Amino acid sequence: MAHIVVLGAGIGGMPMAYEMQEKIRKGDRVTVISNSESFHFVPSNPWVAVNWRTRDDIAFPIRPYLERKGIDFISAGAKRVHPEKNQIELMNGETVDYDYLIIATGPKLAFDEVEGLGPDGHTHSICHVDHAVSAGKRWESFCKQPGPIVVGAVQGASCYGPAYEFAFIMDTDLRRRKIRDKVPMTFVTAEPYIGHLGLGGVGDSKGLLESALRERSINWICNAKVTKIEADKMYVTEVDEKGEVKKEHVVPHNFAMMLPAFKGVDAVAGIEGLANPRGFTIVDEHQRNPKYKNIYSVGVCIAIPPMGGTPLPVGVPKTGYMIESMVTATAHNIHSELTGNPPTDKATWNAVCLADFGDTGVAFVALPQIPPRNVDWFSSGKWVHLAKIAFEKYFIRKMKTGKSEPIYEKLILKAMGIDKLK
Ligand SMILES: Cc1cc2nc3c(=O)[nH]c(=O)nc-3n(C[C@H](O)[C@H](O)[C@H](O)COP(=O)(O)OP(=O)(O)OC[C@H]3O[C@@H](n4cnc5c(N)ncnc54)[C@H](O)[C@@H]3O)c2cc1C
């Protein structure tokens, strides 16, 4: 009988555990290992950072919900994966043996790659709920004494949508407080143009996002390499299309949020054949590691090569729908192996995303994610803001009941008038 371990209990790991539990044989076991007792819904972090949500609104204890479904839960966290021994060493010194391992550990946030970046430096973060809570505290004092804001994503980042979201959400909140006129805002991004999103643009994302920034009086610097951040200044080198220095900027800030580049977590980084040089898990088209064939991986922690062709490094985003399709493919493939068949399922890796602007929003569908595409659709409207709120509630409820369904396909694609993604 097989023991299947899911490492990580986030947007990928939780549905993975539920979906896997539905596919095991009698006597097989599923265990989830996380480094935290609680789940939090990462896409809502921008709302937490402006106090539209509290931590409790978007987080809940994992253990009772998984155990109710017969899934074991360990919150000690993984110190190191030992693939040669089929074993995980935990932070508390204990070990866990597995027959199949699914790595879903999300990103390690590479704040150390830019001097002064991150919550221990001079910028806030929305990548983790704890960061968002601390940003939310600072937000209130900032609003009492407003000044310039810098928001965006540094070189090597792969998650641009949330940077735009947070810029527009802050703008909406400041307008509601009637202090927007006291806050010059600058969007700083390594993307070669506004709306590139790590995807070479989607539909008219360039035109729509540029005009949204203009309408809300948010200036921008593209091809921006952030070299240093001080308590009230960000040093930014703008490069040209050849990557050569075009202009040096010193941008003042009284509140800054910059998304960092991502890496793979320490428990996996440096394992030859399992992780690439940045620590991301190497997978084949079936989400399976080519060297350690009983290891699968889903979510932000998998290695996807960047599109390339940009003056500064710009990563490809791994969004919820993609992750969901990785989860389903992995559950099917491990089920195939358990029943004596080879893995055949492939994730679609299509990009489908809703980005909230606080009162309106934008949505995109990129099929496939790298152009040229069969579907290249981008739209905006108040419906996106409402759909995102509905999706938050829906996802959290599903993570508590353990009933996994192709959520995006049902909710979002219906709104978009698209029947199928596959
Ligand atoms: C601010 C933000 C907003 C986003 N918004 C959207 C959105 O609106 N729509 C969308 O489609 N995508 C969005 N994304 C992208 C993506 O959907 C999220 O990043 C998503 O959380 C990724 O899921 P994941 O499971 O890979 O990682 P996570 O959700 O981060 O989960 C990883 C889990 O692994 C755990 N872990 C880490 N290390 C260890 C260890 N050593 N041992 C055990 N457990 C460990 C972590 O604690 C965490 O619970 C957003 C990303 C960010 C950063």
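Overview of the structure. Bear in mind that the values here come from a model prediction, so they are computed numbers and not experimental data. (Residues numbered from 1 in each chain as written. Predicted model: local features only at pLDDT ≥ 70, side-chain atom pairs only at ≥ 80, totals over all residues. Heavy atoms only, no water.)

### Some details on the sheet that holds strand β14 (residues 224-229)
Threshold: Paired strands, as defined in this entry, are two strands with at least two bridges between them according to DSSP. Only DSSP runs of H or I with at least four residues qualify as helices, and only runs of E with at least two residues qualify as strands; both kinds are numbered from the N terminus onward. All axes here are fitted lines through C-alpha atoms, helices being fitted over the stretch that makes contact, and every angle between N-to-C directions spans 0 to 180 degrees.
On the basis of which strands lie adjacent, the open sheet formed by three strands has the order β14-β15-β16 and antiparallel pairing. The outermost strands of the open sheet, each flanked by one partner alone, are β14 and β16 (245-252). Each strand axis lies, on average, 20° off the axis of its neighbour in the sheet, ignoring direction. Of the strand pairs in this sheet, strand β15 (residues 233-239) and β16 are connected by seven bridges, and their pairing is antiparallel. Looking at β16, one finds that V236 is bridged to H249.

### Looking at the site of the ligand
As a reminder, the rule being used: Any residue with at least one heavy atom within 4 Å of a molecule or strand is counted as near it. Side-chain atoms alone can form a polar contact between residues adjacent in sequence; in general such a contact is a pair of N or O atoms within 3.5 Å, and within protein one must be able to donate a hydrogen while the other accepts it. For the accessible areas, the method is Shrake-Rupley and the probe is 1.4 Å, while residue cover comes only from the protein chains on display. Ten residue types, Ala, Val, Leu, Ile, Met, Phe, Trp, Tyr, Cys and Pro, are classed as nonpolar, four, Asp, Glu, Lys and Arg, as charged, and the remainder, Gly among them, as polar.
The full set close to the ligand counts 31 residues, and G12, N35, V300, G320 and K388 are the nearest of them. I11 places a polar main-chain atom, nitrogen or oxygen, 3.1 Å from an oxygen atom of the ligand. Its free accessible area being 970 Å², the ligand has 90% of it covered by the protein chains. Class assignment of the residues belonging to the shell around the ligand gives a composition of 18 nonpolar, eleven polar and two charged.

### Considering empty space enclosed by the protein
Filter applied, for reference: Grid spacing is 1 Å over the protein atoms alone, the probe is 1.4 Å, and a cavity is where that probe fits but cannot get out, while a pocket is an open set with protein on both sides within 12 Å along at least five of seven lines and lining residues have an atom within 4 Å of a point. Grid points are joined across faces, edges and corners, and a volume is the space filled by probe spheres set on the points.
In this structure the tally under the stated criterion is two cavities of 30 Å³ or more. Of the volumes computed, that of the second largest cavity is approximately 40 Å³. Residue lining of the second largest cavity: G161, Y164, L197, L209, A355, V362, F364 and F378, and that is the complete set. For the lining of the second largest cavity, the secondary structure elements donating two or more residues are α6 (161-176) and β21 (361-367). Looking at side-chain class alone, the lining of the second largest cavity contains seven nonpolar, one polar and no charged residues.

### A look at the packing of helix α1 (residues 13-23) against helix α9 (residues 382-401)
Packed helix pairs are characterised by how far apart their axes lie and by the angle those axes make with each other. Under the convention used in this document: Note on terminology: angles under 35 degrees are roughly parallel, angles over 145 are roughly antiparallel, angles of 65 to 115 are roughly perpendicular, and the others are oblique. A crossing counts as left-handed when the near helix is turned anticlockwise from the far one by less than a right angle, and as right-handed when that turn is clockwise. Every residue pair with non-hydrogen atoms within 4.5 Å of one another is taken to be in contact.
As a packed pair, α1 and α9 sit with axes 10 Å apart at the nearest point and diverge in direction by 45°. Considering the angle they form, α1 stands oblique to α9. Where α1 crosses over α9, the two elements pack in a sense that is left-handed. Of the residues in α9, those in contact with M14, P15 and Y18 of α1 are F395, K398, M399 and K400. Along the lines of polarity and charge, the residues of the contact of α1 with α9 split into five nonpolar, no polar and two charged.

### Concerning the pattern of salt bridges
Applicable threshold: Here a salt bridge means any side-chain nitrogen of Lys or Arg lying within 4 Å of a carboxyl oxygen belonging to Asp or Glu.
For the structure on display, the rule yields 27 salt bridges. Between E113 and R278 there is a salt bridge, with its nearest N and O atoms 3.0 Å apart. Here the residue E113 occupies a position in the loop between β10 (108-109) and α5 (129-144), and R278 occupies one in the loop between β18 (262-263) and β19 (295-297), the gap between them amounting to 165 residues. The network of salt bridges with common partners includes D171, R175, R180, R216 and D359.

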